[in-house]
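In case you want the letters, here they are:
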Amino acid sequence: MLYRADWTRLSLSAEVRFEQDGDLARRRENAVRTESMRRMGFRPGSPGMPDVEQEPDAERDVYHRWHAALLIAPGRRYRLEYEGDHGGRADGSDGEQAWTLRPPDAAPLPPRDFENGPGLPVPALFRPAGLLARFTLDVGGPVTACGREAIAVTAVPRHGAVGSGTSRRPPACDRVELIVDAETGILLRREETFEGQLLTLFELTTVTMSPPEADDPARFAPPAGSRPVRDPEDAPGRSGLGWQVAANAAGLAAGGLGAWLRLAPHLPGHRPAAGASGLAAMPSPEPGPLDPGDGPLPSDDLLGLLYRSGQYDGDDPQVRGAAVRRWNDTKAVWGQVPGTFRAAGHGGVGYLLDTVTRKETVTLSTGQLRIGGPELYYLDYSSWQGSPGPLVMACDGEQYWGIHENRARVGPARPMAGDIASLVGSSWLLGERLSGGVEITYHGRRGYHLRVTRGDGAAHAGPTMFYPADAIVDAETGSLLRLIAYDGDAPAEWWELDGVTTEPGDTADPAGFRPHIPPGTRVVEESGDPLVDATMGIPGLTGTAAHAAAVAFRRGTDAVSAARSFLDDLRGHR
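Another aspect to go through is the pattern of salt bridges. Tallied over the entire structure, the rule returns 30 salt bridges. Glu 19 serves as the salt-bridge partner of Arg 17, at 2.3 Å between the closest nitrogen and oxygen. Owing to a relative accessible area of 12%, Glu 19 belongs among the buried residues under this scheme. With a closest N to O distance of 3.1 Å, Glu 29 and Arg 33 form a salt bridge. Within this pair, Glu 29 and its partner Arg 33 are both found in helix H1 (residues 22–40), separated by four residues, close to a single helical turn.

Next up on the list: the sheet that holds strand E8 (residues 175–181). The strand order E6-E7-E8-E9-E10-E1-E2-E3-E4-E5-E11 describes an open sheet built from eleven strands, whose pairing is antiparallel. For this open sheet the edge positions go to strand E6 (135–145) and strand E11 (227–228), each flanked by a neighbour on one side alone. As paired strands, strand E1 (residues 12–21) and strand E2 (residues 63–73) are joined by ten bridges and run antiparallel to one another. From the neighbouring strand, Ala 14 faces E2, where its bridge partner is Leu 70.

As a general feature of sheets, a regular strand has side chains that alternate between the two faces. Judged by how many residues are buried, strand E19 (residues 445–453) sits mostly within the fold: seven of nine residues are covered. Where strand E18 (residues 433–442) meets E19, nine bridges bridge the pair, whose relative direction is antiparallel. In the sheet register, Val 438 faces E19, and the bridge partner there is His 449. Linking two consecutive strands that pair antiparallel, namely E18 and E19, is a turn of two residues; a positive phi of about 50° is found at His 443 within it.

Attention now goes to the packing of aromatic side chains. Inspection of every chain in the model, using the stated rule, returns five aromatic pairs. Consider the rings of Trp 66 and Tyr 82, whose centres lie 5.1 Å apart with planes at 80°: the pair is edge-to-face. Of this pair, Trp 66 sits in strand E2 while Tyr 82 sits in strand E3 (residues 77–82), and the two are 16 residues apart along the sequence. Looking at Tyr 82, the relative accessible area reads 4%, which means it is buried. Measuring from centroid to centroid gives 5.4 Å for Trp 327 and Trp 494, while their planes differ by 65°, and the two rings are edge-to-face. In this pair, Trp 327 sits in strand E12 (residues 317–329) while Trp 494 sits in strand E22 (residues 490–504), placing the two residues 167 residues apart along the sequence.

We now examine the sheet that holds E18. Read across the sheet, twelve strands follow the order E18-E19-E20-E21-E22-E12-E13-E14-E15-E16-E17-E23 without closing on themselves; strand pairing throughout is mixed. Of all strands in the sheet, those bounded by a partner on one side alone are E18 and strand E23 (522–525). Here the average twist between neighbouring strands, direction ignored, is 20°. Alignment of strand E14 (residues 376–383) against strand E15 (residues 392–396), held across five bridges, turns out to be antiparallel. When the bridges of E15 are listed, Leu 379 appears paired with Met 393. Against the sheet, helix H5 (residues 300–308) engages E12, E18, E19 and strand E20 (469–474), with an angle of about 85° to E20.

A separate point is the nonpolar core. By size, the foremost hydrophobic cluster in this structure holds 90 residues, and its most contacted members are Phe 126, Leu 204 and Ile 371. Not counting the four nearest positions on each side in its chain, Leu 204 is found in contact with Ala 14, Glu 15, Val 16, Leu 125, Phe 126, Cys 146, Ile 186, Leu 187 and Leu 188. If you look at the next biggest cluster of nonpolar residues, it comprises ten residues, including Leu 376, Ala 408, Ala 508 and Phe 513.

Residues Glu 286 and Pro 287 are joined by a peptide bond in cis, for which omega reads 5°. Following the sequence through the fold, Pro 287 ends up in the loop between helix H4 (241–263) and H5. One non-glycine residue, Arg 76, lies in positive phi territory at about 65°. Relative to the helices and strands, Arg 76 resides in the loop between E2 and E3. For Arg 76, a relative accessible area of 25% gives the class partly exposed. Phi at Cys 146 is positive, roughly 55°, even though this residue is not glycine. Position of Cys 146 relative to the elements: it lies in the loop between E6 and strand E7 (148–157). Classification of Cys 146 by relative accessible area gives partly exposed; the value is 27%.

What counts, and at which threshold
- Residues numbered from 1 in each chain as written.
- Predicted model: local features only at pLDDT ≥ 70, side-chain atom pairs only at ≥ 80, totals over all residues.
- Heavy atoms only, no water.
- Salt bridge = Lys/Arg side-chain N within 4 Å of Asp/Glu carboxyl O.
- Buried < 20%, exposed > 50% of the residue type's maximum accessible area, 1.4 Å probe, protein only.
- Helix = DSSP H or I, 4+ residues; strand = E, 2+ residues; numbered from the N terminus.
- Pairing = 2+ DSSP bridges.
- Phe/Tyr/Trp six-rings, centres within 6.5 Å; stacked < 30°, edge-to-face > 60°.
- Axes fitted to C-alpha atoms, helices over the stretch in contact; angles between N-to-C directions.
- Contact = heavy atoms within 4.5 Å.
- Core = buried A, V, L, I, M, F, W, Y, C linked by side-chain atoms within 4.5 Å.

Put into structure tokens, the structure is as follows:
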């Protein structure tokens, strides 16, 4: 029901009530940021650990309330008019263009802590599918709310799952109490708690289905003084601590990688792709992708299979081993990066793009995966192209290893993340729009064929920025046997799991995930600063330059400019 909830087909009016404990919200945000930094590799107390603590704010750290009148009509039309102290504000969509009205003298609204896609009303209530990848649901009994039949559900952050939202970012609450409308699947009430206290409440206090005013198109037209709302992907830039940290880290790593790609063939320490010669070719998909009109919504059983995938703390069968393959059309991927991101990280990303897009390359990486849970994994790349990253990534639940050709980086355990994790645990697909589900056989395993398009107002949940995507779901484990993301009619990214072995999701032996480190390999403890640690795997003089640039950046100088200067000097003395 949560997955199938579709507000774009509804006709209703309702009163919306919102409450939030501002002081508790700030404390929650501090805790989430600290844990996010830890999962990114920052070690508390290390020189590179950013200050994530927000100071108390007298205006924000109060108890917030607002009320609004909501009107929805089929065809993505809605109008949300705020009342009381926030009167004069409104959001809406006429079905073609989202708009917002913000009078200059109106009281500001508190942050709602939910993604607001263009033309999406109250996403906390009307986009409940986003809960499915990040929470475990406990369905209670029938209840009545707003005079309507409903179902009580308790959601707690999902643990023990690979590829789930909570494996990549920490949960922002202890639990969520939901009241689900039994007819439409939308939420009539959503109450979140943190540290045992009420954090945020969204609630529909009255609901009227098919109100006559929803038949008037003028109710949804942009009012005088309103402005259009752009798609977040078209926004001129991003801000905030998380974005700045990610941009700087990405810029530094990209700058070093760009230099490595340009100069590596001429510098000591360059290692060609193991077991690979020349550039790869993108395979021809067989079976081909589903057409937009192929198939209805997936069945309830298939949705349940996706929901349970990657949960290694239950009795369902899960992936234990597989061969992994990834083809990547570098030119197509980097061509999607907007100009604002090219400038991120002091220009390091742009430096990489200028390098990569000079060549038309399809790269292929292959390897073997063993996995026993979110922090029990061993990924060994026997062949890689286009990246100086670790050849082995392993974690035994207590320690993480990133092993390069002649060095091993060791640090605290961390959840498996990234594109391979998104194949093993496919619950992120429940945040997207799916169609199809016909049963097929792929590489000897029974599976289901799906077409994937962007979810309503949702951020990218999976490993790709390209849509539509074509997915083949393993019928036993729910993992993805194949995922192809398309740029127009051509595959841009292609992932596969082959030779899959399975076992029930019980606890695995950590000893099986500890890597063998060859004698003579230099073992380096992570510094607790990813900006420095990210440069450890770049070989030769290029790596030396990138590492020096990272240290310089941490000390307040422009890392990429330093790396560029150093490498330009190397180029002049080859």
